[in-house]
Amino acid sequence: MLSRTLLAFAAALPIVSAVAHAEKAHVHGVAELNVDVDKDTLRIALESPLDSLLGFERAPKGDKELDKVRRLASQLRQADKLFVPTPGAGCKLEKIKLESAVLDPVLLGEAPVAAASPAPAPARAPQPGAKPAHAELDAEFVFRCAQPAALQGLEVKLFDAFPGYRQIRAQVLTVKRQSAATLSPKAKALHW
Ligand SMILES: [Zn+2]
(Lines give C-alpha, C1' and ligand atoms only; values in the text may rest on other atoms or scores of the structure.)
Protein backbone atom coordinates (compact mmCIF):
# COMPACT_ATOMS: atom_id res chain seq x y z
CA MET A 1 0.00 0.00 0.00
CA LEU A 2 2.80 2.36 0.99
CA SER A 3 4.73 1.73 -2.23
CA ARG A 4 1.65 2.51 -4.25
CA THR A 5 1.20 5.80 -2.42
CA LEU A 6 4.82 6.71 -3.17
CA LEU A 7 4.43 5.79 -6.82
CA ALA A 8 1.28 7.84 -7.11
CA PHE A 9 3.08 10.75 -5.50
CA ALA A 10 6.04 10.44 -7.86
CA ALA A 11 3.66 10.31 -10.82
CA ALA A 12 1.83 13.41 -9.65
CA LEU A 13 4.97 15.53 -9.45
CA PRO A 14 5.46 16.28 -13.16
CA ILE A 15 1.75 17.02 -13.46
CA VAL A 16 1.88 19.51 -10.62
CA SER A 17 4.94 21.26 -12.04
CA ALA A 18 3.23 21.60 -15.42
CA VAL A 19 -0.17 22.51 -14.06
CA ALA A 20 -0.50 25.73 -16.04
CA HIS A 21 -1.87 24.46 -19.36
CA ALA A 22 -1.05 27.64 -21.20
CA GLU A 23 2.65 27.31 -20.42
CA LYS A 24 2.82 23.68 -21.37
CA ALA A 25 4.15 22.64 -24.73
CA HIS A 26 1.14 22.08 -26.95
CA VAL A 27 2.14 20.42 -30.18
CA HIS A 28 -0.47 19.58 -32.78
CA GLY A 29 -0.48 15.86 -33.50
CA VAL A 30 0.93 14.98 -30.08
CA ALA A 31 -1.31 13.86 -27.22
CA GLU A 32 -0.63 12.73 -23.68
CA LEU A 33 -2.10 9.60 -22.20
CA ASN A 34 -2.02 8.67 -18.53
CA VAL A 35 -2.96 5.11 -17.71
CA ASP A 36 -3.56 4.09 -14.13
CA VAL A 37 -4.17 0.48 -13.18
CA ASP A 38 -5.44 -0.16 -9.67
CA LYS A 39 -6.96 -3.53 -8.77
CA ASP A 40 -9.95 -3.97 -11.14
CA THR A 41 -9.97 -0.36 -12.33
CA LEU A 42 -8.28 0.88 -15.49
CA ARG A 43 -8.34 4.64 -15.75
CA ILE A 44 -7.21 6.34 -18.95
CA ALA A 45 -6.78 10.10 -19.14
CA LEU A 46 -6.22 11.71 -22.54
CA GLU A 47 -5.04 15.26 -22.94
CA SER A 48 -5.10 16.30 -26.57
CA PRO A 49 -4.80 19.41 -28.69
CA LEU A 50 -8.30 19.99 -30.00
CA ASP A 51 -6.81 20.55 -33.45
CA SER A 52 -5.77 16.88 -33.72
CA LEU A 53 -9.36 15.78 -33.09
CA LEU A 54 -11.40 18.47 -34.83
CA GLY A 55 -9.13 20.45 -37.10
CA PHE A 56 -9.93 23.63 -35.17
CA GLU A 57 -9.40 24.91 -31.64
CA ARG A 58 -12.30 27.21 -30.87
CA ALA A 59 -16.05 27.12 -30.40
CA PRO A 60 -17.70 25.62 -33.52
CA LYS A 61 -19.12 28.01 -36.10
CA GLY A 62 -22.08 26.82 -38.15
CA ASP A 63 -23.83 23.47 -38.48
CA LYS A 64 -20.94 21.68 -40.16
CA GLU A 65 -18.57 22.35 -37.29
CA LEU A 66 -21.27 21.62 -34.70
CA ASP A 67 -21.78 18.23 -36.35
CA LYS A 68 -18.05 17.64 -36.25
CA VAL A 69 -18.01 18.19 -32.48
CA ARG A 70 -21.01 15.89 -32.00
CA ARG A 71 -19.35 13.19 -34.10
CA LEU A 72 -16.15 13.54 -32.10
CA ALA A 73 -18.08 13.17 -28.83
CA SER A 74 -19.87 10.07 -30.06
CA GLN A 75 -16.57 8.55 -31.25
CA LEU A 76 -14.93 9.21 -27.87
CA ARG A 77 -17.95 7.82 -26.04
CA GLN A 78 -17.35 4.52 -27.81
CA ALA A 79 -13.99 4.42 -26.08
CA ASP A 80 -13.91 0.62 -26.01
CA LYS A 81 -13.21 0.87 -29.76
CA LEU A 82 -10.37 3.33 -29.21
CA PHE A 83 -8.76 1.63 -26.22
CA VAL A 84 -8.63 -2.15 -26.21
CA PRO A 85 -7.40 -3.68 -22.93
CA THR A 86 -6.08 -7.28 -22.88
CA PRO A 87 -9.18 -9.19 -24.07
CA GLY A 88 -8.94 -11.89 -21.36
CA ALA A 89 -9.22 -9.27 -18.61
CA GLY A 90 -12.90 -8.73 -19.32
CA CYS A 91 -12.72 -4.94 -19.00
CA LYS A 92 -15.96 -3.03 -19.52
CA LEU A 93 -16.17 0.69 -20.15
CA GLU A 94 -17.91 2.19 -17.17
CA LYS A 95 -17.47 5.96 -17.15
CA ILE A 96 -16.50 8.73 -19.56
CA LYS A 97 -15.86 12.39 -19.00
CA LEU A 98 -15.13 14.87 -21.79
CA GLU A 99 -14.13 18.45 -21.22
CA SER A 100 -12.84 21.38 -23.24
CA ALA A 101 -12.69 25.05 -22.34
CA VAL A 102 -14.03 26.10 -25.75
CA LEU A 103 -16.79 23.51 -26.21
CA ASP A 104 -20.25 23.46 -24.66
CA PRO A 105 -20.41 20.43 -22.31
CA VAL A 106 -23.82 19.54 -23.78
CA LEU A 107 -22.26 19.16 -27.24
CA LEU A 108 -19.81 16.70 -25.68
CA GLY A 109 -22.66 14.74 -24.11
CA GLU A 110 -22.00 16.03 -20.59
CA ALA A 111 -24.55 17.55 -18.24
CA PRO A 112 -25.21 21.26 -18.85
CA VAL A 113 -23.16 23.64 -16.71
CA ALA A 114 -25.13 24.68 -13.62
CA ALA A 115 -26.23 28.32 -13.64
CA ALA A 116 -23.90 29.15 -10.74
CA SER A 117 -20.83 27.85 -12.55
CA PRO A 118 -18.97 30.00 -15.03
CA ALA A 119 -20.03 29.41 -18.61
CA PRO A 120 -17.48 27.93 -21.04
CA ALA A 121 -15.04 30.58 -22.14
CA PRO A 122 -16.47 32.41 -25.14
CA ALA A 123 -14.36 32.39 -28.26
CA ARG A 124 -12.20 35.47 -27.95
CA ALA A 125 -11.68 37.76 -30.88
CA PRO A 126 -8.01 37.47 -31.76
CA GLN A 127 -5.94 40.53 -30.94
CA PRO A 128 -4.15 41.97 -33.95
CA GLY A 129 -0.73 40.37 -34.12
CA ALA A 130 -1.57 37.90 -31.35
CA LYS A 131 -0.70 34.24 -31.75
CA PRO A 132 -3.77 32.08 -32.38
CA ALA A 133 -5.15 30.68 -29.12
CA HIS A 134 -4.80 26.98 -28.47
CA ALA A 135 -7.39 24.73 -26.86
CA GLU A 136 -7.35 21.18 -25.62
CA LEU A 137 -9.68 18.35 -24.91
CA ASP A 138 -9.40 16.43 -21.67
CA ALA A 139 -11.02 13.05 -21.56
CA GLU A 140 -11.20 10.40 -18.89
CA PHE A 141 -12.26 6.81 -19.49
CA VAL A 142 -12.77 4.29 -16.70
CA PHE A 143 -12.92 0.55 -17.34
CA ARG A 144 -13.81 -2.08 -14.74
CA CYS A 145 -12.11 -5.44 -15.31
CA ALA A 146 -13.59 -8.79 -14.30
CA GLN A 147 -10.18 -10.56 -14.46
CA PRO A 148 -7.71 -7.86 -13.40
CA ALA A 149 -4.84 -10.37 -13.07
CA ALA A 150 -5.05 -10.94 -16.83
CA LEU A 151 -4.78 -7.24 -17.65
CA GLN A 152 -1.33 -6.71 -19.15
CA GLY A 153 -1.70 -3.98 -21.68
CA LEU A 154 -3.74 -1.73 -23.85
CA GLU A 155 -4.01 -1.26 -27.57
CA VAL A 156 -4.45 2.40 -28.44
CA LYS A 157 -6.44 2.88 -31.65
CA LEU A 158 -6.56 6.66 -31.58
CA PHE A 159 -4.27 6.85 -34.63
CA ASP A 160 -6.81 4.98 -36.75
CA ALA A 161 -9.73 7.08 -35.57
CA PHE A 162 -7.94 10.43 -35.70
CA PRO A 163 -5.31 10.65 -38.46
CA GLY A 164 -4.18 13.99 -37.02
CA TYR A 165 -2.16 12.16 -34.36
CA ARG A 166 1.53 11.53 -35.01
CA GLN A 167 2.60 10.64 -31.50
CA ILE A 168 1.06 9.80 -28.14
CA ARG A 169 3.19 10.11 -25.03
CA ALA A 170 1.96 7.56 -22.55
CA GLN A 171 2.66 7.08 -18.87
CA VAL A 172 1.53 3.93 -17.13
CA LEU A 173 1.18 3.58 -13.38
CA THR A 174 0.43 0.19 -11.87
CA VAL A 175 0.71 -1.09 -8.32
CA LYS A 176 4.13 -2.49 -9.26
CA ARG A 177 5.76 0.18 -11.36
CA GLN A 178 5.66 3.33 -13.37
CA SER A 179 6.68 3.37 -17.02
CA ALA A 180 6.58 5.59 -20.04
CA ALA A 181 6.25 4.89 -23.75
CA THR A 182 5.92 6.87 -26.94
CA LEU A 183 3.24 5.49 -29.21
CA SER A 184 3.04 6.07 -32.95
CA PRO A 185 0.91 4.73 -35.83
CA LYS A 186 3.44 1.87 -36.07
CA ALA A 187 3.65 1.17 -32.32
CA LYS A 188 0.20 1.39 -30.82
CA ALA A 189 0.35 -1.06 -27.93
CA LEU A 190 1.18 -0.46 -24.29
CA HIS A 191 2.41 -3.36 -22.16
CA TRP A 192 2.94 -3.53 -18.43
ZN1 LIG B 1 -3.18 24.22 -30.67
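Below is a summary of the structure that appears in this document. If you're wondering where the values come from, they're calculated on a predicted model, not measured in any experiment. (Residues numbered from 1 in each chain as written. Predicted model: local features only at pLDDT ≥ 70, side-chain atom pairs only at ≥ 80, totals over all residues.)

### Quick notes on the overall build of the chain
Item 1. For the chain, the count of helices and strands is four helices and nine strands.
Item 2. Within the span of the chain, comprising 192 residues, buried residues form 26% of the whole. (Helix = DSSP H or I, 4+ residues; strand = E, 2+ residues; numbered from the N terminus. Buried ≥ 20, exposed ≤ 12 C-beta atoms within 10 Å, placed from the backbone.)

### As for the sheet that holds strand β7 (residues 167–173)
Item 1. Spatial strand order, β4-β5-β2-β1-β7-β8: six strands in an open sheet with mixed pairing. Every interior strand has two partners, whereas the edge strands, β4 (91–99) and β8 (178–183), have only one. The mean inter-strand angle of the sheet, taken between neighbouring strand axes irrespective of direction, is 15°.
Item 2. Of the strand pairs in this sheet, strand β1 (residues 30–38) and β7 are connected by seven bridges, and their pairing is parallel. Within the sheet, the bridge partner assigned to D36 lies in β7 and is L173. (Pairing = 2+ DSSP bridges. Axes fitted to C-alpha atoms, helices over the stretch in contact; angles between N-to-C directions.)

### A closer look at the pairing of β1
Item 1. Alternating positions in β1 separate cleanly, A31, L33, V35 and V37 being buried on one face and V30, E32, N34, D36 and D38 remaining unburied on the opposite face.
Item 2. Two strands pair when backbone bridges link them, and β1 and strand β2 (residues 41–49) are joined in this way by seven bridges, in the antiparallel orientation. When the bridges of β2 are listed, D36 appears paired with R43.
Item 3. What sits between the antiparallel neighbours β1 and β2 is a turn of two residues, in which K39 has the positive phi angle 50°.

### With respect to the nonpolar core
Item 1. Core analysis: the biggest nonpolar cluster contains 41 residues, and L33, V35, V156 and I168 have the highest contact counts within it.
Item 2. Contributions of two or more residues to this core are made by β1, β2, α2 (50–54), α3 (62–77), β4, β5 (136–145), β6 (153–156) and β7.
Item 3. Considering every element that reaches this core, the biggest residue donor is β5, with five residues.
Item 4. Excluding its chain neighbours within four sequence positions, the residues that come into contact with V35 are I44, L154, A170, Q171, V172 and L190. (Core = buried A, V, L, I, M, F, W, Y, C linked by C-beta atoms within 7 Å. Contact = placed C-beta atoms within 7 Å.)

### Notes on unusual backbone geometry
The bulk of non-glycine residues show a negative phi, and the bulk of peptide bonds are trans.
Item 1. One non-glycine residue, K39, lies in the positive phi region at around 50°.
Item 2. Among the secondary structure elements, K39 is positioned in the loop between β1 and β2.
Item 3. By the C-beta count within 10 Å, which is 9 here, K39 ends up exposed.

### Focus: α3
Item 1. Taking 1.5 Å of rise per residue, 16 residues should cover 22 Å, and α3 covers 23 Å from first to last C-alpha, within 8% of that figure.
Item 2. Buried within α3 are the following residues: V69, L72, A73 and L76. What you see down the axis of α3 is that its buried residues fit within an arc of 100°, all on one side. Of the residues in α3, the exposed ones pointing more than 90 degrees away from the buried face are D63, K64, D67, R71 and S74. (Expected span 1.5 Å × (residues − 1). Arc of directions from axis to C-beta.)

### So, the sheet that holds strand β9 (residues 189–191)
Item 1. The three strands are arranged β3-β6-β9 in an open sheet whose pairing can be described as antiparallel. At either end of the open sheet lies a strand with only one pairing partner, and these are β3 (83–85) and β9. Pairs of neighbouring strands in the sheet enclose a mean axial angle of 20°, with direction left out of account.
Item 2. With three bridges connecting them, β3 and β6 associate as antiparallel partners. Bridging from a neighbouring strand, F83 pairs with V156 of β6.

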